[in-house]
Amino acid sequence: MSMRLMAHMVSHGSPAVVPITADQYERMMAVGILDEGAPIELIDGMLLFKDRRDAPAPPMTQGPRHLLAIKILAKLLENLLPSNRFHVQQQGPVVCNESNVPEPDVCILKGLPDRYGDRLPGAADVVLAIEVSQTSLDIDQYDKAELYNRSGVPSYWIINLADDTVIVHAEPRVSARTYGQQTVVPRGGVVALDLPGSDPVEISVDDLLPGRFAP
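Cut-offs and rules
- Residues numbered from 1 in each chain as written.
- Predicted model: local features only at pLDDT ≥ 70, side-chain atom pairs only at ≥ 80, totals over all residues.
- Heavy atoms only, no water.
- Helix = DSSP H or I, 4+ residues; strand = E, 2+ residues; numbered from the N terminus.
- Buried < 20%, exposed > 50% of the residue type's maximum accessible area, 1.4 Å probe, protein only.
- Polar contact = N/O pair within 3.5 Å; in protein donor to acceptor, adjacent residues only side chain to side chain.
- Contact = heavy atoms within 4.5 Å.
- Arc of directions from axis to C-beta.

*Asks:* For this particular structure, what's the right way to read unusual backbone geometry?
*Replies:* For residues besides glycine, phi is generally negative; the peptide bonds are generally trans as well. One non-glycine residue, D44, lies in positive phi territory at about 50 degrees. Among the structural elements, D44 can be located in the loop between β1 (40-43) and β2 (46-49). Backbone geometry at D164 places phi at a positive 55 degrees, although glycine is not the residue there. By the secondary structure assignment, D164 is in the loop between β6 (155-160) and β7 (165-170). On the basis of relative accessible area, D164 is assigned to the buried category, the value being 10%.

Structure below.
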């Protein structure tokens, strides 16, 4: 969207944007209008590029450190999960409501993958959503946190590559704008992975973050 069009919408209140629904978004993927794996999310009824960059770059670019962080997270979590009760999804859609289908970089879903053979997972299926963030920190820390909170996702982590921290959100308050608990955990600290029906598992932040190197 051009800055001129955006300014016109703000100043004149023009209904220039026709929102897309979650059902339309799913059908666009099913018929190939949206390529599988394309970094596009449905947020507040609009198709937005998902920012996977390490530094300023074209919007379709995925930074190497961002990609490495996702691989580290997925492997670590897969090794910790009871394989018959949960599984890890990487960069896949989650239907939060009629206007929002974000694609968390990593999330833990209830059940086995074949549970979702005929539908996309919804917010009620998510145990933990994780966004890996560097250039997208503002969106992840505010807009995504509000969205996951409103949707009742129990836990939301931001792997903050800019500051080498993990921002942990817990205790969703659906009627509020954000989670009831937010903690910033630096290197050297631990975060707790809470799985329904299991004791919390402590994970070192050092194990969640890729090594320090310039993007």
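*Asks:* Would you explain the side chain of S151 in this entry?
*Replies:* Checked against the element boundaries, S151 lands in the loop between α4 (137-150) and β6. Looking at S151, its side chain comes within polar contact range of the main-chain oxygen of L147, at 2.8 Å. Not counting residues within four places of it along the chain, the set of residues in contact with S151 comprises C96 and A123.

*Asks:* What's the story with the environment of E103 in this structure? I'm lost.
*Replies:* Locating E103 in the fold gives a position in the loop between β3 (86-90) and β4 (106-110). Between the alpha carbons of E103 and K50 there is a distance of 8.0 Å; along the sequence they are 53 residues apart.

*Asks:* Would you explain helix α2 (residues 22-30) in this entry?
*Replies:* Since there are 3.6 residues in each turn of an α-helix, residues three or four apart along the chain are aligned in direction. Those residues of α2 that sit buried are A22, Y25 and M28. The buried side chains of α2 occupy one side of the element, clustering within an arc of 120 degrees when seen end-on. Against the buried residues of α2 lie β1 and β2.

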